[in-house]
Amino acid sequence: MSSATTARARGNALPFARDALTHVELTHIEKRVENWVRFGHEAQEQILDRRRRIFSFRPGSVFAFIRWAANDFGTIASRIDILRAVAPGEPCQTVPFVRPGGEILLRVAGWPKVEQVLRHIDGVEDAGIDACVVAPDHWRHVGNRLNAGEQPRAYTTARHRAWLRRREIVP
């Protein structure tokens, strides 16, 4: 259930409705917990302490959020989410460490798949395209293909030009 639906079902307003930004809590504890943003244009950054900070994104911003955790025996969790920050009152999916949540464009778990997504992002950036402005449908395609055990198609400059033209026609 999305956070907006949950709040309406209980009859209260969202606790973050006053703030139009999406907040992402980043943590870095050496060899234990690492949460970081791979790409995204943050509107604000708040440093909480030596190990924690909060990045805030404007509605409509796209960013990649990576979570990794380990214990004494090795990696226990690896995940990458590519999210679109939502406007106040807009339906969204909840994601740990992201308030109030976001529209999930890609969700992949397991280090081999996370590594493939990171290589894909590198390929997009090597082509001279800012990963934040890639067509949302492409991120969905990448996530779906990887979760099905298939190789995703590359995001080309021709595909990006088509996305930019389509966005001009249909806002």
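For the structure, see preceding data.
The model shown is predicted, which means the values in this text are computed figures rather than measured ones.

1. Focus: the packing of aromatic side chains
Phase 1: Under the definition given, this model contains two aromatic pairs.
Phase 2: Both rings, one in Phe39 and one in Trp139, keep their centres 5.8 Å apart while their planes meet at 25°; by these two values the pair is stacked. Separated by 100 residues along the polypeptide, Phe39 in strand E2 (residues 33-39) and Trp139 in helix H3 (residues 136-147) bring together distant segments of the chain. Each of the two residues, Phe39 as well as Trp139, counts as buried.

2. Looking at the pairing of strand E8 (residues 98-109)
Phase 1: As paired strands, strand E1 (residues 22-29) and E8 are joined by two bridges and run antiparallel to one another. The residue of E8 that forms the bridge with Val24 is Val98.
Phase 2: With seven bridges connecting them, strand E6 (residues 74-85) and E8 associate as antiparallel partners. Bridge pairing in E8 places Asp81 opposite Arg107.
Phase 3: Relative to E8, strand E7 (residues 93-95) runs antiparallel, the two sharing two bridges. Along E8, the bridge assignment pairs Gln93 with Gly102.
Phase 4: Hairpin geometry of E7 and E8 is characterised by an intervening segment of two residues between the two adjacent antiparallel strands and by a positive phi of about 75° at Phe97.

3. Here's the deal with the environment of Arg99
Phase 1: Summarising the element assignment, Arg99 is placed in strand E8.
Phase 2: Owing to a relative accessible area of 33%, Arg99 belongs among the partly exposed residues under this scheme.

4. Brief notes about the nonpolar core
Phase 1: In this structure, Phe39, Ile80, Ile82, Leu106, Val117, Ile121 and Trp139 are the most contacted members of the largest nonpolar core, which totals 24 residues.
Phase 2: Among the secondary structure elements, those contributing two or more residues to this core are strand E5 (62-71), E6, E8, helix H2 (111-126) and H3.
Phase 3: Sort the elements by how many residues they give to this core and H2 lands first, with five residues.
Phase 4: Aside from chain neighbours lying at most four places away, what touches Ile80 is Ala64, Phe65, Ile66, Leu106, Arg107, Val108, Val114, Val117, Leu118 and Ile121.
Phase 5: With 11 residues, the next largest nonpolar core counts Val24, Phe55, Phe63 and Val98 among its residues.

5. Description of the pattern of salt bridges
Phase 1: Inspection of every chain in the model, using the stated rule, returns 13 salt bridges.
Phase 2: Close ionic contact of Asp72 with Arg32 constitutes a salt bridge, the shortest N to O distance being 2.5 Å. Of the two residues, Asp72 is situated in the loop between E5 and E6 and Arg32 in the loop between E1 and E2; the sequence distance between them amounts to 40 residues.
Phase 3: Using a relative accessible area of 63% as the deciding quantity, one classes Asp72 as exposed.

What counts, and at which threshold
Residues numbered from 1 in each chain as written. Predicted model: local features only at pLDDT ≥ 70, side-chain atom pairs only at ≥ 80, totals over all residues. Heavy atoms only, no water. Phe/Tyr/Trp six-rings, centres within 6.5 Å; stacked < 30°, edge-to-face > 60°. Helix = DSSP H or I, 4+ residues; strand = E, 2+ residues; numbered from the N terminus. Buried < 20%, exposed > 50% of the residue type's maximum accessible area, 1.4 Å probe, protein only. Pairing = 2+ DSSP bridges. Core = buried A, V, L, I, M, F, W, Y, C linked by side-chain atoms within 4.5 Å. Contact = heavy atoms within 4.5 Å. Salt bridge = Lys/Arg side-chain N within 4 Å of Asp/Glu carboxyl O.

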